[in-house]
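# Analysis of the macromolecular model
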Amino acid sequence: MKRRRGAAPEPGCLQAWAAETQALAGRWRAARCSGPGPGGAAEREVRRQRDGFGELLRRMWGLPAALPTLPLELTVLYNSLLFTVGASDSAIEGEAEGIRQGLLRVLEACGACGQDLSTEELWQKVLQEVTAGELRAPLHRLGALQAAWWLAASRLGSTTGLFRLLSNAEDPGRACCSEGENELLSLLKAWQVPAEEASLPLVQSTEDLKEILCTAAAFLQGLQELEAGNFATALSLFQEAAGGFCSKRVLAQIYTCLGCCAQQMALEQNLPAAASSSPYFLIRTELLVDTPILASLLRHRHPSEVKYLLAQRCLQDGRLTDAVEHYLDFLALLQEGLQQQVPLDDSSALPRIPEVFLEAASALGEAGRHQDAITVCEEVISRTADLIPRMLRVEERLEQLECPSPGAGLVGGLLSQKKESLCCLAWRAAGYLHQGWAWTKLGESKEAITQFSRCLGDVLRLQLYGSGVEPTENLLPEVEVLQKIRLLSLIGRGMQFLDLGRHKEALLDFQHGLQISPGDPAAASYLVQALWKLNRKQEAAAHWQKFSQSPPGEDGQQEGQRRSFPLYLVSCLKQAMFPHSESLARSIQDYLATTSWDPSS
């Protein structure tokens, strides 16, 4: 007997479809819980699910549309389209013909038609004329998928119109957004996601899809405003997008656009510290924001460079948790494949790779992850071991190591090789320096002394020769860095000697430190403390008077302000600061008050 239009199918048929839907969705949930699996297992499962839901949908569409089956049918359509997108793993293109077909079947079940209508007109007719309560949730979920397709095509106006219809269907009396608000974002945020039903299992929740739509809408509108020159509006939209659901790659793109806005506005904008993440979604933000203007903006800044710049900014701003995350992500890119992931040409914003490792170690150390910092530094130490000569003789004056004329090819090559050896020596020594401070924080004084001593042993490979200029004048930048590393290592080792009660050895280290950098406030303060602990209080008071009376800016008092040392040394500079200045000053003043000795005589 032929089934008439609009009539329900046989109960056994509906139950079988529902059971098959539950089985497919259950298998997907199990696959997600078990992890990605080996050899592309996740991709194969997505294709199997796409084929399974697609075959089920074709069987359902082989019968005339009926109201009792439409909730299940629209749910199967929703899941099928999600797996179609997930299996392609590329930007969504064209119209979602499946959505149009689903809407036409809704009208068919209600005794209406809409073959000649555009997709926008079809949505308007369905949402205004179909009043069956059981279809509200499935239609709203299908509307969210339609919005994803339209956003991917940059059809922001169509998306806004659709969510006006969805909002009016929920609450006809709802007011429009306030003046100055972004209408599409306001509509998306106000849209009430329909509750999930156990009988209609979803393979990606509508709540997650809503968050992705909000992120994509903010990002795409920000790109439009940026292209139009409305930088303040664009900045606000990009900041909104940065707090949403997206992968780390898209987040890096958003930060790139934020930087473009800030540069155009000639302002120093603080990048938001949002930590966006994206679990395994079938529809993802990056599938919706693949636009020509974004490709143009990113043409000259590789996402890996943005990742590094984010890490660097977070470390500079003291946002250590974020800095560690970004540095470790960047190091993971290096492990995955250097040439493919990280640009190394002259236009790159990246420093030399060992410096990135050292900056990462600095961030890890400041975040309290000292063992991890030691491990990262060991990578630098081991990889530079064979690149440094046993003894490195270098002309101390800057002009003597500058590149010679183009005709002096052999000489130029030798000088370039010496500069490279200097860099490698600085990186290796800095690795030992960071390890020394890490062991210090772990309370392992003897191990710390060993690492500081290794650092000093490496630095002593450098022999300077020249015309006898002052030690701190006109030095090569690499030599200045090595001198600072030597000073910091002497201070660090001297501190450990003090803690172990080996005061004479500590005094020698602080004296050597002051020979390298006369008047350095940290070395001078520790020298006074060592003399005090050795009960040489008159000498301690004399040195204290001398250093405390030095005019600001002289004798290294503001050396950190005059010179810019690498970022990877900043944490070591902080740790070398003398923490007991006030108590030591009080002790010396009390001593001077109770004696008749005149330190100025």
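Just above, that's the structure.
To keep things clear, this report deals only with the structure shown in the data block.

Definitions and cut-offs
- Residues numbered from 1 in each chain as written.
- Predicted model: local features only at pLDDT ≥ 70, side-chain atom pairs only at ≥ 80, totals over all residues.
- Heavy atoms only, no water.
- Axes fitted to C-alpha atoms, helices over the stretch in contact; angles between N-to-C directions.
- Helix = DSSP H or I, 4+ residues; strand = E, 2+ residues; numbered from the N terminus.
- Parallel < 35°, antiparallel > 145°, perpendicular 65-115°, else oblique.
- Left-handed = near helix turned anticlockwise from the far one by under 90°.
- Contact = heavy atoms within 4.5 Å.
- Nonpolar A, V, L, I, M, F, W, Y, C, P; charged D, E, K, R; others polar.
- Buried < 20%, exposed > 50% of the residue type's maximum accessible area, 1.4 Å probe, protein only.
- Polar contact = N/O pair within 3.5 Å; in protein donor to acceptor, adjacent residues only side chain to side chain.
- Core = buried A, V, L, I, M, F, W, Y, C linked by side-chain atoms within 4.5 Å.

What follows is about the packing of helix 20 (residues 477-499) against helix 22 (residues 521-533). Geometrically, a packed helix pair is captured by the angle between its two axes and the distance between the axes. Direction vectors running N to C along helix 20 and helix 22 enclose 25°, while the axes themselves pass 11 Å from each other. Taken together, helix 20 and helix 22 sit at an angle that is classed as roughly parallel. For the pair helix 20 and helix 22, the sense of crossing is left-handed. On helix 22, the residues that touch Leu 487, Ile 491, Met 495 and Leu 498 of helix 20 are Ala 522, Ala 523, Tyr 526, Gln 529, Ala 530 and Lys 533. Of the residues assigned to the contact of helix 20 with helix 22, the class counts are 8 nonpolar, 1 polar and 1 charged.

Now for the environment of Cys 257. With respect to the helices and strands, Cys 257 occurs in helix 11 (residues 248-265). Sequence separation between Cys 257 and Gly 222 is 35 residues, and the spatial gap between their C-alpha atoms is 8.6 Å.

Once that is clear, we can look at the side chain of Gln 49. Counting through the fold element by element, Gln 49 comes out in helix 2 (residues 41-61). Using a relative accessible area of 0% as the deciding quantity, one classes Gln 49 as buried. Among the polar contacts listed, one links the side chain of Gln 49 to the backbone oxygen of Leu 24, at a separation of 3.1 Å. In contact with Gln 49, other than residues within four places in its own chain, are Leu 24, Arg 27, Trp 28 and Phe 83.

So, on to the nonpolar core. Formed by 90 residues in total, the largest nonpolar core has its most connected members in Ile 99, Leu 145, Leu 213, Phe 219, Phe 238 and Ile 254. Top element by residues in this core is helix 9 (residues 206-228). It accounts for 11 residues. In terms of nonpolar packing, the next biggest core, distinct from the first, is built from 88 residues, Leu 392, Leu 422, Ala 426 and Ala 576 among them.

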